[in-house]
Amino acid sequence: MDNREEVREFLTSRRAKITPERAGLPSGIRRRVPGLRRSEVAALADVSVEYYAKLERGNLAGVSPAVLEAVARALQLDDAERAHLLNLAQAADRSDALTRPRRRTTRAWTSHRSLQWVLDAVTAGPAFVRNGRMDLLATNQLARAFYADVYATAGNQANLARFQFLDPASRRFYPDWDQAADISVAILRTEAGRNPHDKDLHDLVGELSTRSDDFRTRWGAHNVRHHGTGTKRFHHHAVGDLTLAYEGLEMAAEPGLTLTIYTAEPGSPSEEGLRLLSAWAATREADPDTKRSAPR
């Protein structure tokens, strides 16, 4: 297999987002395409129209870093989109239409004891490790309680994307559901560019595309993102509303894995909510039969 379709759809979708005015070009009277024309992107990137058309047909194999950077500037890609384009080019260089590399099944991953010690040392907020498919791989006690709804349904398979799109409980858990859904799909799309031959990822995308119109529409938008830092709102069934800041740290020793820690503003109601959640988590760990009861 190769990634030509992915390249083609990504480049055309980015081109459609750039207006002539934004690119510093005259808009003209008659424009039959949204965004820029291929010829305009080619001129901005200082390549021939024929060469850019070849790129947009999905042929990124052998393209130089200088040309990729020029195209990224012409399309005004952000950091995440630029990284995605480079990943697509690297994947194209590794692919061979004759050999057609088989999709790889990801090997089972287990947490090192020292990593679990680090997670367990975080007691003020949920801390967890996930991969690019959004599987929860390792957690501290508070994260297990925080994501109780995710673990409550076996069909979610401890996967945040399945929970997001296939579990009705996610609509309650994420008050800003549309925003959370956009982020979830952008993370998966980024992973697809980084690791295009991951069979488990292909299977997950196929499952979600088949079962969720919300996912399928967002997947077709080809948006990508780096999920580094920010603030999110949640509603936990045991403690109510929480507004939490998060930091996502890429694990250098484990490519493709991200360590995420949630915390609340000191003195805020959400900080008190996390304290209640911690108490509930301790009770829940001690007696699983109490896992649906709220802390007191």
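Being a predicted model, the structure only gives us computed values, none of them experimental. (Residues numbered from 1 in each chain as written. Predicted model: local features only at pLDDT ≥ 70, side-chain atom pairs only at ≥ 80, totals over all residues. Heavy atoms only, no water.)

1. Remarks on the packing of aromatic side chains
Rules: Note on ring pairs: Phe, Tyr and Trp rings are taken, using the six-membered ring of Trp, and paired if centres are within 6.5 Å. Classes follow the plane angle, with under 30 degrees stacked, over 60 edge-to-face and the rest tilted. Secondary structure follows DSSP: runs of H or I at least 4 residues long count as helices, runs of E at least 2 residues long count as strands, and numbering of each begins at the N terminus. Relative accessible area decides the class of each residue, using a 1.4 Å probe on protein chains only: under 20% of the type maximum gives buried, over 50% gives exposed, and in between gives partly exposed.
Inspection of every chain in the model, using the stated rule, returns 17 aromatic pairs. Considering the side-chain rings of Phe-146 and Phe-234, the 4.9 Å spacing of their centres and the 80° angle between planes classify their relative orientation as edge-to-face. Of this pair, Phe-146 sits in helix H7 (residues 141-146) while Phe-234 sits in strand E3 (residues 229-236), and the two are 88 residues apart along the sequence. Of the two residues, Phe-146 and Phe-234, neither departs from the other in class, the shared state being buried. Centroid distance Tyr-246 to Tyr-262: 5.9 Å. Interplanar angle 65°. Geometry classified as edge-to-face. Of the two residues, Tyr-246 sits in strand E4 (residues 240-250) while Tyr-262 sits in strand E5 (residues 258-263), which places them 16 residues apart along the sequence.

2. Here we look at helix H14 (residues 269-286)
The cut-off we apply is this: Expected span of a helix, by definition, is 1.5 Å for each gap between consecutive residues, and there is one gap fewer than residues. Note on contacts: a residue pair is in contact if any heavy atoms of the two residues lie within 4.5 Å.
Its 18 residues give H14 an end-to-end C-alpha distance of 26 Å, which sits within 8% of 26 Å, the value for a rise of 1.5 Å per residue. Where H14 is buried, its residues touch H7, helix H8 (148-152), E3, E4 and E5.

3. A look at the environment of Ala-192
Along the chain, Ala-192 falls in helix H11 (residues 177-194). Assessed through its relative accessible area of 17%, Ala-192 is described here as buried. Among all residues touching Ala-192, those that are not within four sequence positions of it are Leu-201 and Trp-219.

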